[in-house]
Amino acid sequence: MIIAVTLGACEPVPPPQRAEGIDPTFEGSEQEKRTMAVETALIDANPGLALRNDRELTIFHKGEAVTTYTNDPKGCQRYFLTGVMKLRGKDGELYPVAGVTCHFANSENTYLVLPNSDKYVVREEASASPDGRVLASGFDRADLTQGSLTLADWPHIRDVVIFPAHCTGMVWQDATHFTATCWHNEGPNGSNPYDSFAYYFKADIGKDTAGKWQMQATQWVDRDSLAPRNLNKPLYHFTAAPPPEPHFDKST
């Protein structure tokens, strides 16, 4: 599973700009020390995938260097390997995919590094099916509902469908079925622009006999504690659909 806070489409990622007036809080922090430890463990557990050389991080694919990220005080202050996922390549074989997080100011971006060095941006959380053919990734802001779950058909990553519900805690039962904790935003709160009418629920997500992805809410839960909650409303049922255009940058 990827440690991620920012989730997905294959798109060019511009160099982040340091936010004026915001002091960087990551470099030298306890969080950075924990992240360094995670990276060291991942490099040791995945020989040949990544190499750390002081302030440089090099990512490899099948023994060939794909790209090198260099810490930049004016952009990404710190690059770290923060996760590894097993996905299915075009040759049909499973291969490890590096998840890299770029820390800048008090924010961060996380993306999967593809064999051609492209970045597949992930937000919040990403999880691969056991056979490596589906990448599920939650979006905190991807469409009009301000939250969605995206399913990409790997390695044909432009074959994408989305649900109008942001999900985390994905647990796969098999290659086409998993559970998660999700929320769906029914619209903005007119009296408070910083709030919305979001409802949290447990869900089963899977493919039906026609090959369409379905999401069935199984239980309402409390927003903060995730404890079961009683609501006088029908449980959600969503059918995944292609995302609104344009979902991908045409140059990638």
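Residues numbered from 1 in each chain as written. Predicted model: local features only at pLDDT ≥ 70, side-chain atom pairs only at ≥ 80, totals over all residues. Heavy atoms only, no water.

Caption draft 1: Examining the overall build of the chain more closely. When its secondary structure is counted, the chain shows one helix and 18 strands. Sorting the 252 residues of the chain into buried and exposed places 46% on the buried side. Accessible surface, the chain: about 13100 Å² in total, of which carbon and sulfur atoms supply 51%. (Helix = DSSP H or I, 4+ residues; strand = E, 2+ residues; numbered from the N terminus. Buried < 20%, exposed > 50% of the residue type's maximum accessible area, 1.4 Å probe, protein only. Areas by Shrake-Rupley, 256 points an atom, 1.4 Å probe, with all protein chains shown as cover.)

Caption draft 2: Main features of the environment of Gly 48. The residue Gly 48 is located in the loop between helix H1 (30–45) and strand S3 (50–53) in this model. Relative accessible area serves as the criterion here: at 55%, Gly 48 is assigned to the exposed category. For the pair formed by Gly 48 and His 61, sequence separation is 13 residues and the distance between their alpha carbons is 7.9 Å.

Caption draft 3: Summary view of the pairing of strand S12 (residues 148–153). The element S12 is largely enclosed, with a buried count of five among its six residues. Strand direction decides the pairing type here: S12 and strand S13 (residues 156–163), joined by five bridges, are antiparallel. Residue pairing for S13: Asp 153 is matched across the bridge by His 156. The antiparallel pairing of S12 with S13 creates a hairpin that spans two residues between the two strands. (Pairing = 2+ DSSP bridges.)

Caption draft 4: Representation of the pattern of salt bridges within the structure. On inspection of all chains with the given rule, the structure shows five salt bridges. Lys 33 is the partner of Glu 30 in a salt bridge, and the nearest nitrogen-oxygen pair spans 3.2 Å. Residue Glu 30 and its partner Lys 33 are both found in helix H1; the two are separated by three residues, about one turn of the helix. You can call Lys 33 partly exposed: its relative accessible area is 48%. (Salt bridge = Lys/Arg side-chain N within 4 Å of Asp/Glu carboxyl O.)

Caption draft 5: A look at the packing of aromatic side chains. Tallying each qualifying case throughout the model produces eleven aromatic pairs. Aromatic pair Trp 220 and Tyr 236: ring centres 5.0 Å apart, planes at 80 degrees, arrangement edge-to-face. Taken together, the residues Trp 220 in strand S17 (residues 213–221) and Tyr 236 in the loop between S17 and strand S18 (237–239) connect sequence positions 16 residues apart. Take Trp 220 and Tyr 236: they sit in the same class, and that class is buried. (Phe/Tyr/Trp six-rings, centres within 6.5 Å; stacked < 30°, edge-to-face > 60°.)

Caption draft 6: Summary view of the sheet that holds S3. One open sheet holds the three strands; their spatial order is S3-S4-S5, and the pairing between them is antiparallel. In this open sheet, the two edge strands, each paired with only one partner strand, are S3 and strand S5 (64–70). Along the sheet, successive strands turn relative to each other by an average axial angle of 20 degrees, direction set aside. In this sheet, strand S4 (residues 56–61) lies alongside S3 in antiparallel orientation, the contact comprising four bridges. Along S4, the bridge assignment pairs Arg 52 with Leu 57. (Axes fitted to C-alpha atoms, helices over the stretch in contact; angles between N-to-C directions.)

Spatial relationships are all this shows, so hold off on functional conclusions.
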